[in-house]
Amino acid sequence: MPTVPREPAATRRLPARRAGLSWRRRLVGALTGLVVLPLLTLGLAQLGDVLDLPSQMLFYLLAVVMVALVGGLVPALAAAVAAALLLAYYFIPPDSFAVADLNDVVALVAFVLVAGAVSSVVGLAARRAREADTLATAIAASREELRVLAHEQAALRRVATLVARGVPPAEVFLAVGQEVGRVLGADAAAIARLDSDGAVTILSVLGEPSDQLQVGSHWRPEPPLALALALRTGRAARCDDYSQAAGAFVDATVRRMGIRSSVAAPIVVDGRLWGAIVAGTRRESLPADTEQRIADFTKLIGTAVANADSRAQLAASRARLVAAADATRRRIERDLHDGTQQRLVALGFELRLAHSTVPAELPELQTQIGQVAHELDGVVEELREISRGIHPGILSEGGLGPALRTLARRAAIPVKLDIRAETRLADPVEVAAYYLVSEALTNTTKHARASHTHVTVEPRDALLHLSIRDDGVGGADPARGSGLIGLRDRVQALGGSIEVSSPPGEGTTIVVELPLQPD
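Residues numbered from 1 in each chain as written. Predicted model: local features only at pLDDT ≥ 70, side-chain atom pairs only at ≥ 80, totals over all residues. Heavy atoms only, no water.

**Quick look at the sheet that holds strand 4 (residues 237-239)**
1) Next: Pairing is antiparallel in the open sheet, where 6 strands are placed in the order 3-2-1-6-5-4. Strands with a single pairing partner mark the edges of an open sheet, and in this sheet they are strand 3 (218-219) and strand 4.
2) Next: Where strand 2 (residues 200-206) meets strand 3, 2 bridges bridge the pair, whose relative direction is antiparallel. By the bridge assignment for strand 3, valine 200 is matched with tryptophan 219.
3) Next: Where helix 6 (residues 169-184) meets the sheet, its contacts fall on strand 1 (188-194), strand 2 and strand 6 (272-281), and the angle it forms with strand 2 comes to roughly 55°.
4) Next: The sheet strands contacting helix 7 (residues 226-233) are strand 1, strand 2, strand 3, strand 4, strand 5 (261-269) and strand 6, and the helix crosses strand 5 at an angle near 30°. (Pairing = 2+ DSSP bridges. Helix = DSSP H or I, 4+ residues; strand = E, 2+ residues; numbered from the N terminus. Contact = heavy atoms within 4.5 Å. Axes fitted to C-alpha atoms, helices over the stretch in contact; angles between N-to-C directions.)

**Regarding the confidence of the model for the protein**
1) Next: Averaged over every residue, the pLDDT of the protein is 77; the share at 70 or more is 79%.
2) Next: The secondary structure element of the protein with the lowest average pLDDT is helix 1 (residues 9-12), at 40, and the one with the highest is strand 9 (residues 463-470), at 93.
3) Next: Note that pLDDT drops below 50 for residues 1-19; the model gives that stretch 35 contacts with residues more than four away or on any other chain.
4) Next: Note on residues 93-99: pLDDT is under 50 here. Beyond four places in sequence and across chains, it has 4 contacts. (pLDDT = per-residue confidence, 0-100.)

**Some remarks on the packing of aromatic side chains**
1) Next: Inspection of every chain in the model, using the stated rule, returns 2 aromatic pairs.
2) Next: Seen in terms of ring centroids, phenylalanine 173 and tryptophan 274 are 5.7 Å apart; in terms of plane orientation they differ by 40°. Their pairing is tilted. Of this pair, phenylalanine 173 sits in helix 6 while tryptophan 274 sits in strand 6, and the two are 101 residues apart along the sequence. We note that phenylalanine 173, like tryptophan 274, is buried. (Phe/Tyr/Trp six-rings, centres within 6.5 Å; stacked < 30°, edge-to-face > 60°. Buried < 20%, exposed > 50% of the residue type's maximum accessible area, 1.4 Å probe, protein only.)

**Observations concerning the packing of helix 2 (residues 23-46) against helix 4 (residues 73-88)**
1) Next: Remark: helix 2 packs on helix 4, axes separated minimally by 9 Å, with the N-to-C direction vectors making an angle of 20°. In this view, helix 2 runs roughly parallel relative to helix 4, as classed from their interaxial angle. In this structure, helix 2 meets helix 4 at a crossing whose hand is right-handed. Along its contact with helix 2, which presents Arg26, Gly29, Ala30, Leu37 and Thr41, the element helix 4 presents Pro75, Ala79, Ala82, Ala83 and Leu86.
2) Next: Within the contact of helix 2 with helix 4, the residues separate by chemical class into 7 nonpolar, 2 polar and 1 charged. (Parallel < 35°, antiparallel > 145°, perpendicular 65-115°, else oblique. Left-handed = near helix turned anticlockwise from the far one by under 90°. Nonpolar A, V, L, I, M, F, W, Y, C, P; charged D, E, K, R; others polar.)

**Digging into the sheet that holds strand 7 (residues 415-419)**
1) Next: The mixed open sheet is built from 5 strands, whose spatial order is 7-8-9-11-10. Each end of this open sheet is capped by a strand with a single partner; those strands are strand 7 and strand 10 (497-501). Direction aside, the axes of adjacent strands within the sheet are offset by 10° on average.
2) Next: Set on the sheet, helix 12 (residues 400-410) makes contact with strand 7, strand 8 (453-460) and strand 9; between it and strand 7 the angle comes to about 170°.
3) Next: Against the sheet, helix 13 (residues 427-448) touches strand 7, strand 8, strand 9, strand 10 and strand 11 (509-515), its axis set at about 10° to strand 9.

**Structural notes on empty space enclosed by the protein**
1) Next: If you walk through the whole model with that rule in mind, you get 1 cavity of 30 Å³ or more.
2) Next: Of the volumes computed, that of the largest cavity is approximately 240 Å³.
3) Next: Every residue lining the largest cavity is counted, 21 residues in all, and those nearest its centre are Leu213, Phe249, Val254, Ser262 and Val278.
4) Next: Of all the secondary structure elements, the ones that give two or more residues to the lining of the largest cavity are strand 1, helix 7, helix 8 (248-257) and strand 6.
5) Next: Ranked by the residues each element gives to the lining of the largest cavity, the list is headed by strand 1, at 5 residues.
6) Next: Per-class residue counts for the lining of the largest cavity are 18 nonpolar, 3 polar and no charged. (1 Å grid on protein atoms, 1.4 Å probe; cavity = no way out; pocket = protein on both sides within 12 Å on 5 of 7 lines; lining within 4 Å. Points joined across faces, edges and corners; volume = space filled by probe spheres on them.)

Dropping the structure here:
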C-alpha cells in the first residue's frame, strides 16, 4: 500500500533562528553611506544660504534611512555619526574645534539620537520584511513539495487499487511505468524481469522504444548501466552522467534516446530478487530522493507479482483437482459399463434362459425367476443412469452437442437448445459445460416451477459462451448451497467466469464464459 507521507523537504529547511544580515549587505550599506553622504554634502553646500539647519538635518536623516535600508543598523549608525560631523562642519570653523552655540550641540546630539532610533526602526522593519520573504519562500516551497507529494501518493493509490483488484501483472507494469514517468518527470522508464541465465526480459517500456529496450526483448545489462548495478547489488543504483560511458547498449540506446542519467531500484518478490525498474531523464540528473520514490512503486510491483503467482498456483491446483476428478469419473464410468453393467446384463440373459427351461408344471418357479429378471433389468437401468451422472459416455464419444441433446430429451421440462459449436472443444471445456447444463436443468426441475428452459452454446472470441435461462419463479441463491458452487469452482479452475441472475418472479439466468484453450 502507499507509504506514510514523508516530511516535506521545504519544511525541514525552515531556519531554526531569525536570519541576520550578511557581511556583504553591511559592506554595501557602508559603501552606500560613503557615496551618498559626500554627494549630499556637496549639494547642501551649494544650498547653504537657502536651507536652514532643520532642513539640512532632514536631508541627512533621509540619507541615514537609505543606508539603514541597504545595510542595516550598524552602517546606519556609522552614517548618522558621519552626518553629524558633516553638519557640525557648518558651525565649527576649520581652524577651531570650539562649538559656537550650545543649542547647535544639542541639535547635533538630538540628530544622532533620532537618526539612530530611526535607523533601528528601519533596520528592524527591513529585517522583518526579509524574514517574511524568507518564510514566504519556504511556505511556497513547502506547498509545492506537498503538491508533488500528494501527486505521488495519488499515483501510488492508483497502482495499489489495480493490485488490490487482482488485475494481470502486465497491466500493473504498464500503469507503474506511466505513473513513474509522470511523478518523476522521467523521459523513459522500463520494468525488467531477471531471468535464470542472468539476462533480463523487458516487460514494460515508457518512452521511445529501441531494439533492446522494447517489450519482450531479452539481453544482458552491463555496468555502468544503473539497471545492471541494481541487479548485481540488490540495491538502488544510479548513473548521473552517461557522456563518458561506453558499451553497445549505451551507444545504441542510451545516447540515441538522449538519456543523460538514470536511476534503478530492485524488485523483490517473496524475498528473492525478481527484477528491477529503471527511469531515465534527458536532464542533468534525477533528484536525490528518486531512489526512495521509485522504491515505493517496486513494493507494489512485488505485491502484484506475488499475488499473480499465488493465483496462478491456486488455479493450477484447481485445474489438477478437476482433471483428476474427471479422470476418476471416466474410470468409474468405464468400469461400471465394461465390468459391473456387462456382468449384470449377462446375468439377466442367463435368468431368461433359465426361465425358458423351467418345466410348465412349476409355474411358481417361472414366476419367481421372471420377477428376478425384471428386477435385474431395473438395476441395470439404474446403473446406466448412475453411469451417465458420473460421466456420460456419449460426451466422450460424440462431443458436447450430442451429449446436450441427449440431456435435453431426458429432461422433465421442455428444453430449447441453440448449439453453435460445430467442432469438438477441449475436453475440460466440454465436461464443464455439460455438467453445468445438467446441474442447471436439475435445479430448474426441482425448484423453479418453470415451463421451459433455453440453452445457448456459442464459441466466440476465444471463449465458449454458455447461457441457461428459464421462466420460473426465480429467487435462486447459489450461496445458500447448490450444485452450482462446485460448478463455480470448476469454471474458475479453467480461468472462466460464471454469473447467476435470479430476481424473484423473473426466472433464473446463468451466464458462463470458458476459455476455449484453458491453461
